[in-house]
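A look at the structure
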Amino acid sequence: MTSVVILAVTVLVILGFANGEDPYRFFTWNVSYGDIYPLGVKQQGILINGQFPGPQIETVTNENLIVSVFNSLDEPFLLSWNGIQQRRNSWQDGVYGTNCPIPPGQNFTYILQVKDQIGSFFYFPSLAFHKAAGGFGGIKIFSRSVIPVPFPPPAGDYTILAGDWFRQNHTDLKANLDNGLNLPFPDGLLINGRGSNGNTFTVDQGKTYRFRISNVGLMTSINFRIQGHKMLLVEVEGTHTLQNTYESLDIHLGQSYSVLVTCDQPAQDYYIVVSTRFTSQVLTATSILHYSNSALSASGPPPGGPTTEIDWSLNQARSIRQNLTASGPRPNPQGSYHYGLVNTTRTIRLANSARSINGKQRYAVNSVSFIPADTPLKLADHFNIQGVFSLGSIPDSPTGSGGYLQTSVMAADFRSFVEIVFENSEDTVQSWHIDGHIFFVMGMDGGQWSPASRSSYNLRDAISRCTIQVYPGSWTALYMPLDNVGMWNVRSENWARQYLGQQFYLRVYSPANSWRDEYPIPKNALLCGRASGRKTRPL
Ligand SMILES: *[C@@H]1O[C@H](CO)[C@@H](O)[C@H](O)[C@H]1NC(C)=O
Ligand SMILES: *[C@@H]1O[C@H](CO)[C@@H](O)[C@H](O)[C@H]1NC(C)=O
Ligand SMILES: *[C@@H]1O[C@H](CO)[C@@H](O)[C@H](O)[C@H]1NC(C)=O
Ligand SMILES: *[C@@H]1O[C@H](CO)[C@@H](O)[C@H](O)[C@H]1NC(C)=O
Ligand SMILES: *[C@@H]1O[C@H](CO)[C@@H](O)[C@H](O)[C@H]1NC(C)=O
């Protein structure tokens, strides 16, 4: 057995997929349908090894993860990894534009490394509307033992995957969208796959616990709070934050936060609460924080959330900053990268819009509504297959004109440093995710962005993260080092918008053609569409 693993590892190292000095973790996952009862009625969920949510990945900075995924569904399937940067390795990103789907009854092994990363993330199924059926799970990346962490080790480390949920199954929801309709309002909220009071988190009085909360829902922002307890924010999507205290936290679609909770209250049980934000009807779900010496169940109404004001949420967002002196994944402090002194070389302004195109509801970025091609874009690029996509098929700025369908790919240069401004003239909160990168959140405000808006940018301790909200009638500006060659998905985390075109691909290109910039295509890469029958390696 050991020799087989050593041989496998040696082969991987020789092929340049993984760093042989760093440890390996192996996972074998069977993805199947199974009965779940999250809102009390039976539904067909997507399970991983029989679990909903799926198994948690616990790993340490720089480790290599070898994840063998067996697709026992009757549909093609892919997993993607929200916030895992896949350095030099967009081959493993697991989205439609980078990977061929794993056909029903077949398997694929992801070989990825959590290079230079710490923090809290999640994985999810990226194709069709599978995310509405489950298939997601938490990812914790711990710091290496030699790296100081800016808080004492907590007595426990709990993951909370929360989000809205629908009674309709994923094929019916997808059929709504395919027919040009919108999604209905969600039927409830789930915490770790269960409705109200379906989970109990047991704690010892006097001790401090870490909670890692991700919004894995499809449609709504949520607010998170714990009855009678304050939360000390310590980490956001891989960056240690200034340790501010919050009564409640807004968590937008696709975002992840870590808080420390000190159990310093009288011994009883308390409600852990999530509720929808910015919705006229407010959905709520609770779990139980159980003091191990408690004899009393949780009582009183669960604490209410903030009202729907945007200003409250905007002010909270502005208070979330990085701790410049804390370590991140490396021993040098996070603040040693002086992003505020780097000159940007390009400004990309991205405006979302809702459009009817050919009589059907679509969503667009700079008027372009993304449609899949018959071949993953990364493979078309690698094999130089013409006619799958063209660079420059999405403009750098809003056009203001109607909408059109296109397999949109934006060209960008490796090692450039760009400014990205998300502009939202709609009346709903947007949430954007960029694969393969982390970005600095320079500022956000109401109204129209203009170059003068730069005077309000945070040039010193902006948080760096991978998923960011844009409030209604507002803008959010980022600085982003393009330090990762590959084909990267830029998408709305609102799953109907994403599915109906509010996404595109950013092709970060280096002319060097060197393994130092990008790994070669994996030998086990699945090939499909016009890439079928090609060779991943010269004979
Ligand atoms: C996966 O799970 C399904 C359903 O339980 C089972 O039929 C199948 O044999 C499993 N496949 C593997 C490879 O374990
Ligand atoms: C699929 O699983 C089999 C059996 O474990 C393994 O030999 C094979 O390499 C896997 N294929 C891929 C593409 O990972
Ligand atoms: C920032 O991190 C340092 C170093 O770990 C720590 O001592 C300090 O308390 C932190 N400051 C804040 C405000 O979070
Ligand atoms: C979803 O529900 C419909 C009935 O509303 C059913 O026909 C279909 O088979 C279900 N799909 C899955 C994947 O469970
Ligand atoms: C950025 O641009 C300014 C003004 O052109 C220049 O003075 C400065 O040296 C540049 N900074 C860097 C790091 O290149």
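Parameters and conventions
- Residues numbered from 1 in each chain as written.
- Chains lettered and ligands numbered in written order.
- Predicted model: local features only at pLDDT ≥ 70, side-chain atom pairs only at ≥ 80, totals over all residues.
- Heavy atoms only, no water.
- UniProt positions renumbered as here; feature names shortened; annotations may be inferred.
- Helix = DSSP H or I, 4+ residues; strand = E, 2+ residues; numbered from the N terminus.
- Rg over C-alpha atoms; globule rule 2.2 N^0.38 Å.
- Areas by Shrake-Rupley, 256 points an atom, 1.4 Å probe, with all protein chains shown as cover.
- 1 Å grid on protein atoms, 1.4 Å probe; cavity = no way out; pocket = protein on both sides within 12 Å on 5 of 7 lines; lining within 4 Å.
- Points joined across faces, edges and corners; volume = space filled by probe spheres on them.
- Nonpolar A, V, L, I, M, F, W, Y, C, P; charged D, E, K, R; others polar.
- pLDDT = per-residue confidence, 0-100.
- Contact = heavy atoms within 4.5 Å.
- Near = heavy atom within 4 Å.
- Polar contact = N/O pair within 3.5 Å; in protein donor to acceptor, adjacent residues only side chain to side chain.

An unreviewed UniProt entry lists the protein under the name L-ascorbate oxidase homolog, with Fraxinus pennsylvanica given as the organism. Annotation of the protein in UniProt includes, under Sequence similarities (unreviewed entry), the sentence "Belongs to the multicopper oxidase family."

1. Examining the overall build of the protein
A count of helices and strands for the protein gives 5 helices and 34 strands. In terms of C-alpha radius of gyration, the protein reaches 22 Å, essentially the compact-globule figure of 24 Å for 539 residues. For the protein, the C-alpha atoms occupy an extent of roughly 70 × 60 × 50 Å along the three principal directions. Accessible area of the protein: about 20,200 Å², with a carbon and sulfur share of 51%.

2. A closer look at the layout of surface pockets
Here the largest pocket is characterised by a volume of approximately 720 Å³. Lining the largest pocket are 23 residues, with Asp 116, Pro 329, Arg 330, Tyr 337 and Ile 438 sitting closest to its centre. Among the residues making up the lining of the largest pocket, the classes are represented as 8 nonpolar, 10 polar and 5 charged.

3. Quick word on the confidence of the model for the protein
Low-pLDDT stretches of the model should not have their predicted coordinates read in fine detail. On average, residues of the protein score 95 in pLDDT, and 96% of them reach the 70 mark or higher. Contacts from residues 1–7, a stretch scored under 50 in pLDDT, to residues over four places away or in other chains number 1 contact.

4. With respect to the site of ligand 1
Contacts to ligand 1 come from Asn 30, Phe 70 and Ser 72. Interatomic distance of 2.3 Å between a side-chain N/O atom of Asn 30 and an oxygen atom of ligand 1. Protein coverage of the free-state accessible area of ligand 1, which is 360 Å², stands at 32%.

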